[in-house]
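# Observations on the three-dimensional arrangement
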Protein chains: 2
Amino acid sequence: MQKTGQPTINDVAREAGVSKKTVSRVINRSPLLGDDTRRRVEAVIEQLGYIPNPQARALALRRNFLIGLVHDNPNAQTVMNVQQGMLEGLYGTEFEMVVRPLDRGSPRMLDDLRHFLERQRLFGVLLLPPVSENDTVAELCRDIGCRYVRMGSASLDAPEQMVASNDREAVRAATDYLIAQGHRRIGLICGPHGFRSGVERRRGFEEALAAAGIALPRSLIADGNYTFESGLVAADRLLDLVPRPTAIFSSNDEMAAGVIHAARQRGLEIPRDLSIIGFDDTPIAAHVWPPLTTVRWPIASMARSAALKLIAGYEEGEPVEEPSLFLSTLIRRGSVSTAPA
Amino acid sequence: MQKTGQPTINDVAREAGVSKKTVSRVINRSPLLGDDTRRRVEAVIEQLGYIPNPQARALALRRNFLIGLVHDNPNAQTVMNVQQGMLEGLYGTEFEMVVRPLDRGSPRMLDDLRHFLERQRLFGVLLLPPVSENDTVAELCRDIGCRYVRMGSASLDAPEQMVASNDREAVRAATDYLIAQGHRRIGLICGPHGFRSGVERRRGFEEALAAAGIALPRSLIADGNYTFESGLVAADRLLDLVPRPTAIFSSNDEMAAGVIHAARQRGLEIPRDLSIIGFDDTPIAAHVWPPLTTVRWPIASMARSAALKLIAGYEEGEPVEEPSLFLSTLIRRGSVSTAPA
DNA sequence: TTGTATGCGTTATCAA
DNA sequence: TTGATAACGCATACAA
């Protein structure tokens, strides 16, 4: 035993009467190892309560047992859900999660990331949108030799390093639902420029209208940037139109909350005078009034799966095949009604 | 240069014509070092782009350059704000943040934490409420030799390892404000049992009423657990009272959102029929309708300060004295009016 | 003020 | 199948 109180591989080796290397083989489940030797060493490990030192392993392997969460996502709830999912996937393993926000727009963003990955020698990183949509970043990871999985609203990479949601189809289905309720003048509030999710959701919306043969004048499309305030502003513009849209699809819940706000300010009752559908299904969706009909985006599951992909092959048990495509589903609550006659 | 491409301390030593140890002294800013030697080594470091390997340092120092965020806090927004604040404090240093949620209530919670701290040999941890209120946990950190700072609603430890907010005074002030608006029948929705914040906020409320000579029947106090749903339930009970309270103080915003919900469901208009004050000033407060008057809890600043305390003495520059007490302030928005005559 | 030898706890190499 | 020995990159004790 050392003075630190933690038993080391040497203690185990001495106690078991074998060499360090043999203990190391047991730890790393080397196939070429006598069964009785293995059992003997395992018994000593158990008895001593020995745990391999991650720092020493990191030094020897030139690789840390840390999984990074790299993001420049502005939405707190999204990031939290992702963290929860990741930690779920990492639970019970030797991996820990380190969080690294990035400053999108900073010219040094890429250098910062390279620095981070190289210095910490991360085992792998989960890339969150929108930075996950940046091919240069993925390339950087490959260069450095850092595993990565990208999360996004469309398939941008090989299945091993991608978890994607079907935003386009989901929004198309949501819009179909509005159309089925009799709505014909439907406004759209877009996501920010440079977000693939924004593009996909918009396309889904447009496809649904086109398929139903409904014209979509440019005036019914409003810009947004996923914030409450931008939803408020966009809704104000849309609700000023004559005739007014009878329904609005907002590319996320936060903006949808802004729409509700704007509608109420001008005395409109939801859903009687205006139907609204959001996207994400964050807690805010259930807590506004009326509760928001929205598309549930399964980011926690996606993040969990991404974490499992990142550590695939380094943990015991069968390497379960993790899916790469996750389906978003419509959650019907109280913010949609049939169109006024 | 090694095959990894990263220059090591040996490369620097060779290039500068000094020993490794001298380079090491430069890195660690040892005082006993010739000025010209230092400059020469620094020049080589700069030229080679040398960065000390954190894994090797961790092994040699038996201490990692990781700051842990240990929490069992159920509120996503709170955790996010804390993370943001921590990262702000850590920005530009060699420290990284690793996040570690704890399962409160699990009997193995303490063992899990000990395992985590010992294995990873964290440099320090920030303890979030409610786990930060657990003295056994703080003791564990001391035993292991892991720095810690506790965050909480009251001073529970020495200033070096504490960042506290003045919840009691803040709630007292908020309640005073309601009283000044003419309210006399004021309901209270408490925080969950076992949360010091709940206790402090309740005391602040009670003190304000007592100071104003207003009776506080037990029926006006409702239990809650900081969730929207619990706020809904509590509000339903309070609003059933005859006569009805004209104002409600909710121990956090999330529950206050539930109160608004409940009030609207029974046709009450806010603030005309019911005034509400929350606590936290999370985004939800500004986004409900009407915008919620609430107490701003400066957790991001607290977390930033905590991070700086944790790494105090290990970074260049003067060790700035960080405060230990943070003031919460009342944010007046639209959910309070004068009491009905 | 600077250098040498050694330790930190693990894995990799290569021989037995 | 196992073991001796050398990395891994940096820090500390002790000399010089």
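Below is a summary of the structure that appears in this document. (Residues numbered from 1 in each chain as written. Chains lettered and ligands numbered in written order. Predicted model: local features only at pLDDT ≥ 70, side-chain atom pairs only at ≥ 80, totals over all residues. Heavy atoms only, no water.)

## Quick word on the sheet that holds strand S7 (residues 221-222) of chain A
All names here are of chain A. Spatial strand order, S7-S6-S8-S9-S10-S12: six strands in an open sheet with mixed pairing. Both edges of this open sheet fall to S7 and strand S12 (329-331), since each of them pairs with a single strand only. By the bridge criterion, four bridges tie strand S9 (residues 275-280) to strand S10 (residues 293-296) in an arrangement that is parallel. Residue pairing for S10: Gly 278 is matched across the bridge by Thr 294. Here helix H9 (residues 196-211) sits on the sheet in contact with strand S6 (186-189), S7, strand S8 (247-250) and S9, set at roughly 165° to S6. Relative to the sheet, helix H10 (residues 228-239) contacts S6, S7 and S8, its axis offset from that of S6 by approximately 155°. (Pairing = 2+ DSSP bridges. Helix = DSSP H or I, 4+ residues; strand = E, 2+ residues; numbered from the N terminus. Contact = heavy atoms within 4.5 Å. Axes fitted to C-alpha atoms, helices over the stretch in contact; angles between N-to-C directions.)

## Here we look at the protein's contact with DNA strand D
Not every one of the 27 residues close to DNA strand D is listed here, only the nearest: Thr22(A), Thr37(A), Ile9(B), Lys21(B) and Tyr50(B). When the atoms of DNA strand D within 4 Å of the protein are sorted by group, sugar and phosphate make up 63%. Within the contact set of DNA strand D, a phosphate oxygen lies 2.5 Å away from a side-chain nitrogen or oxygen of Tyr50(B). At 2.7 Å from a phosphate oxygen of DNA strand D is found a side-chain nitrogen or oxygen belonging to Arg57(B). For the surface near DNA strand D, the elements supplying multiple residues, two or more each, are helix H2 (20-27) and helix H4 (54-61) of chain A together with helix H2 (20-27) and helix H4 (54-61) of chain B. Residue contributions to the surface near DNA strand D peak at four residues, all from H4(B). (Near = heavy atom within 4 Å. Polar contact = N/O pair within 3.5 Å; in protein donor to acceptor, adjacent residues only side chain to side chain.)

## Digging into the protein's contact with DNA strand C
Inspection of the region around DNA strand C gives 28 residues, with Ile9(A), Tyr50(A), Thr22(B), Gly34(B) and Thr37(B) positioned closest. Backbone atoms, meaning sugar and phosphate, form 61% of the atoms of DNA strand C found within 4 Å of the protein. Note that a base nitrogen of DNA strand C is positioned 3.2 Å from one of the side-chain N or O atoms of Lys21(A). Secondary structure elements with two or more residues in the surface near DNA strand C: H2 and H4 of chain A together with H2 and H4 of chain B. When residues of the surface near DNA strand C are assigned to their parent elements, the largest contribution, four residues, is made by H4(A). Counted by class, the surface near DNA strand C contains twelve nonpolar, nine polar and seven charged residues. (Nonpolar A, V, L, I, M, F, W, Y, C, P; charged D, E, K, R; others polar.)

## Points about the nonpolar core
Where a protein is soluble and globular, its nonpolar side chains tend to be buried together. Val82(A), Leu126(A), Val82(B) and Leu126(B) are the most contacted members of the largest nonpolar core, which totals 94 residues. In contact with Val82(A), not counting residues within four places along its chain, are Leu69(A), Leu126(A), Leu128(A), Met151(A), Ile299(A) and Ala303(A). Leu140(A), Met109(B), Val125(B) and Ala138(B) belong to the second largest nonpolar core, which has 36 residues in total. (Core = buried A, V, L, I, M, F, W, Y, C linked by side-chain atoms within 4.5 Å. Buried < 20%, exposed > 50% of the residue type's maximum accessible area, 1.4 Å probe, protein only.)

## A short note on the pairing of S10(A)
With three bridges connecting them, S10(A) and S12(A) associate as antiparallel partners. Pairing of Arg296(A) across the sheet is with Thr329(A), part of S12(A).

Limitation: the analysis is restricted to geometry and does not speak to function.
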